[in-house]
Number of protein chains: 2
Amino acid sequence: MTKSTVVSPQAVRDAARDLFASQGYRGTSMKDIAQVLDVSAPSLYNHVPSKQDLLHTIMDVAMDRALAALEVALAGVNDVADQLRRATEVTVLDFLENPAEVTVCNTEIRSLEEPYRQAIIDKRDAYGRRILAVVEHGCATGRFDVAEPRVASFAILEMGNNAKAWFDPRGHYTAQDVAALYGSFALRIVGHRAG
Amino acid sequence: MTKSTVVSPQAVRDAARDLFASQGYRGTSMKDIAQVLDVSAPSLYNHVPSKQDLLHTIMDVAMDRALAALEVALAGVNDVADQLRRATEVTVLDFLENPAEVTVCNTEIRSLEEPYRQAIIDKRDAYGRRILAVVEHGCATGRFDVAEPRVASFAILEMGNNAKAWFDPRGHYTAQDVAALYGSFALRIVGHRAG
DNA sequence: CCTACCGATCGGTAGG
DNA sequence: CCTACCGATCGGTAGG
């Protein structure tokens, strides 16, 4: 036997996540997902309500996980430079460790129907505001020196987005190594001054 | 009359570009494109050979334009810091001035059939190598100080990718202003030392 | 969990 | 440039 996995809502979402990431939401049929799990397409509806619900759930779980990881990374950290470094590291780590979810979140917002679409956009914006707040705090306290904190925070959030495309988990560098590198880039972008 | 545009291959590509950017390639039908131009879907085949050709041509023209603009921006510039600043500025300017093409290039490579897909990837990689060469030259001559030139060049190329999402051409800053800001970020990332 | 099937939509062609 | 139409595929349901 090649497939002995018990079909479950999570198994369907995992298969859908990988296919949505590689072929897109519109380019993936319920039959494609079913074939991965070795069942017929109609059988999927015993586990999930619809294709649209699959997409929304994948993205919503991914956003909640990212937001929670960001809060954990910032909890109890007082130095604003450490805050920015950790926020950047945890962001890049999320990109590297969950490449399929991140790709789906990046490319399939347009495939979400309302009100799901707006709900995901709100969570994505909340993530961005959290980064911006750190950058602004660093500027207000004179630890950072950058002309446009808002633009700087966008650049920091975005610069690691494609790292998952070239990162090799079995290569010379670990995901944490790469994340640390981006953390140092973030501090340079905001013009961090020590002490 | 609401539409008096003469239908031409370029008009079809322009309509397709905007629809592919907002709805995706698979989410856009030939009928959708035809409706923008106020003709029937079969009529489009008098101007373009296929939907797939539309996608490939849009992306290929966009990549050639970006590569040419990069060469023009670097022509005759000797100082490596100026080279990196200009390369970053022209990259971000391309993102801001051609948001639909850039979105299509970013999200629809997976919708391209071979050999078109590989040809576009090759052009995208050539662009990245050009940026990397500048960063490496700056490191080799001691003008830049960054541990991983390759990762730095990826970060620089990527950081402005989403600027088109929040940039408002009628706002306080011009596209050139925003591009200049990213140019300064690039020099900070590579640890540029003056003189 | 399956087969059989529904109405809708797709890219593209025929023929004029 | 049009209408009429082709075969294929889609998400989802019926019924068991």
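So, how was this worked out
- Residues numbered from 1 in each chain as written.
- Chains lettered and ligands numbered in written order.
- Predicted model: local features only at pLDDT ≥ 70, side-chain atom pairs only at ≥ 80, totals over all residues.
- Heavy atoms only, no water.
- Near = heavy atom within 4 Å.
- Polar contact = N/O pair within 3.5 Å; in protein donor to acceptor, adjacent residues only side chain to side chain.
- Nonpolar A, V, L, I, M, F, W, Y, C, P; charged D, E, K, R; others polar.
- Helix = DSSP H or I, 4+ residues; strand = E, 2+ residues; numbered from the N terminus.
- Contact = heavy atoms within 4.5 Å.
- Salt bridge = Lys/Arg side-chain N within 4 Å of Asp/Glu carboxyl O.
- Buried < 20%, exposed > 50% of the residue type's maximum accessible area, 1.4 Å probe, protein only.
- Core = buried A, V, L, I, M, F, W, Y, C linked by side-chain atoms within 4.5 Å.
- Domains from an automatic or database assignment.
- Buried area = accessible area lost by both parts, 1.4 Å probe.
- Phe/Tyr/Trp six-rings, centres within 6.5 Å; stacked < 30°, edge-to-face > 60°.
- Lys NZ or Arg CZ within 6 Å of the ring centre and 35° of its normal.
- 1 Å grid on protein atoms, 1.4 Å probe; cavity = no way out; pocket = protein on both sides within 12 Å on 5 of 7 lines; lining within 4 Å.
- Points joined across faces, edges and corners; volume = space filled by probe spheres on them.
- Least-squares fit on C-alpha atoms with pLDDT ≥ 70 in both.

1. Describing the protein's contact with DNA strand C
Link 1 in the chain: Neighbouring residues of DNA strand C: 14 residues in total, closest A:Ser40, A:Ser43, A:Asn46, B:Tyr45 and B:Lys51.
Link 2 in the chain: Between DNA strand C and the protein, one listed contact pairs a base nitrogen with a side-chain N or O atom of A:Asn46 at 3.4 Å.
Link 3 in the chain: B:Tyr45 places a side-chain nitrogen or oxygen 2.7 Å from a phosphate oxygen of DNA strand C.
Link 4 in the chain: Tallied by class, the residues present in the surface near DNA strand C amount to six nonpolar, seven polar and one charged.

2. What to know about the side chain of B:Thr88
Link 1 in the chain: Positionally, B:Thr88 belongs in helix α4 (residues 80–97).
Link 2 in the chain: With sequence-adjacent residues up to four places away left out, B:Thr88 is seen in contact with B:Ile156, B:Met159, B:Tyr182, B:Gly183 and B:Ala186.

3. Concerning the pattern of salt bridges
Link 1 in the chain: Per the counting criterion, the structure on display carries 28 salt bridges over all chains.
Link 2 in the chain: Salt-bridge contacts for A:Glu101 lead to A:Arg17; the nearest nitrogen and oxygen are separated by 3.8 Å. Here A:Glu101, found in helix α5 (residues 99–107), pairs with A:Arg17, found in helix α1 (residues 9–23); they are 84 residues apart in sequence, far enough to count as distant.
Link 3 in the chain: Under the relative-accessibility criterion, A:Glu101 is labelled buried at 13%.
Link 4 in the chain: Linking B:Arg110 and A:Glu108 is a salt bridge whose minimum nitrogen-to-oxygen distance equals 2.8 Å. With one member in each of two chains, B:Arg110 in the loop between α5 (99–107) and α6 (116–140) and A:Glu108 in the loop between α5 and α6 (116–140) form a pair that bridges those chains.
Link 5 in the chain: Relative accessible area serves as the criterion here: at 3%, A:Glu108 is assigned to the buried category.
Link 6 in the chain: Shared partners join several salt bridges into a network, and the residues in it are A:Asp14, A:Arg17, A:Asp18, A:Arg65, A:Asp94 and A:Glu101.

4. Brief notes about the nonpolar core
Link 1 in the chain: Within the largest apolar cluster, 73 residues are counted, with the highest numbers of intra-cluster contacts made by A:Tyr182, A:Phe185, B:Tyr182 and B:Phe185.
Link 2 in the chain: Sequence-distant contacts of A:Phe185, that is, excluding residues within four places in its chain, are made with A:Met159, B:Val146, B:Val151, B:Ala152, B:Ala155 and B:Ile189.
Link 3 in the chain: Counting 28 residues, the second largest nonpolar core, distinct from the first, contains B:Ala11, B:Phe20, B:Leu54 and B:Ile58.

5. Some remarks on the domain arrangement of chain A
Residue and element names in this part refer to chain A.
Link 1 in the chain: Entries for chain A in the domain assignment read domain 1 (9–44) and domain 2 (62–189).
Link 2 in the chain: Contacts between the two partners involve seven residues from domain 1, matched on the other side by six residues from domain 2.
Link 3 in the chain: Between domain 1 and domain 2, the buried area comes to about 490 Å², and carbon and sulfur atoms account for 70% of it.
Link 4 in the chain: Applying the counting rule to domain 1 against domain 2 returns one salt bridge.
Link 5 in the chain: The tally of links from domain 1 across to domain 2 stands at one residue pair in polar contact (both at pLDDT 80 or more).

6. Some remarks on α5(A)
Link 1 in the chain: The buried count for α5(A) comes to seven of nine residues, which makes it a mostly enclosed element.
Link 2 in the chain: Where the residues of α5(A) are buried, they touch α1, α3 (51–74), α4 (80–97) and α8 (163–166) of chain A together with α5 of chain B.

7. Concerning the packing of aromatic side chains
Link 1 in the chain: Applying the stated criterion across every chain, the model contains six aromatic pairs over all chains.
Link 2 in the chain: Centroid distance B:Tyr182 to B:Phe185: 5.6 Å. Interplanar angle 75°. Geometry classified as edge-to-face. Within this pair, B:Tyr182 and its partner B:Phe185 are both found in helix α9 (residues 175–189), separated by three residues, close to a single helical turn. Just as B:Tyr182 is buried, B:Phe185 falls in that class too.
Link 3 in the chain: Sitting over the ring of A:Tyr25, A:Lys51 keeps its end group 4.4 Å from the ring centre.

8. Re the interface of chain A and chain B
Link 1 in the chain: Each side of the interface is counted separately: chain A has 32 residues, and chain B has 32 residues.
Link 2 in the chain: Interface area for chain A against chain B, summed over the two sides, is near 2,700 Å², with a carbon-plus-sulfur share of 61%.
Link 3 in the chain: Sorting the residues of chain A by area buried against chain B places A:Arg110, A:Trp166 and A:Arg188 first, and these three jointly supply 25% of that buried surface.
Link 4 in the chain: Where chain A touches chain B, the interface holds two salt bridges.

9. Digging into the layout of surface pockets
All names here are of chain B.
Link 1 in the chain: By volume, the second largest pocket is sized at about 160 Å³.
Link 2 in the chain: Lining the second largest pocket, in full, are Gln10, Arg13, Asp14, Arg17, Thr57, Ile58, Val61, Ala62, Arg65 and Glu101.
Link 3 in the chain: Counting only elements with at least two residues in the lining of the second largest pocket, the list comes to α1 (9–23) and α3 (51–74).
Link 4 in the chain: Residue composition of the lining of the second largest pocket, grouped by class: three nonpolar, two polar and five charged.

10. Considering the relation of the copies chain A and chain B
Link 1 in the chain: Between the two copies, chain A and chain B, the superposition gives an RMSD of 0.0 Å; the rotation angle is 180° and the shift along the axis is 0.0 Å. The symmetry that links the two subunits is that of a two-fold axis. Taking C-alpha positions as the reference, the residue of chain A nearest the rotation axis is A:Met159, at 2.0 Å.
Link 2 in the chain: Interface overlap between copies is the fraction of interface residues in one copy that are interface residues in the other; for chain A against chain B it reaches 100%, indicating a shared surface.

11. Thoughts on the side chain of A:Ser153
Link 1 in the chain: With respect to the helices, strands and loops of the structure, A:Ser153 is situated in helix α7 (residues 149–159).
Link 2 in the chain: Leaving out residues up to four positions away in the same chain, A:Ser153 has contacts with A:Ile131, A:Leu132 and A:Val135.

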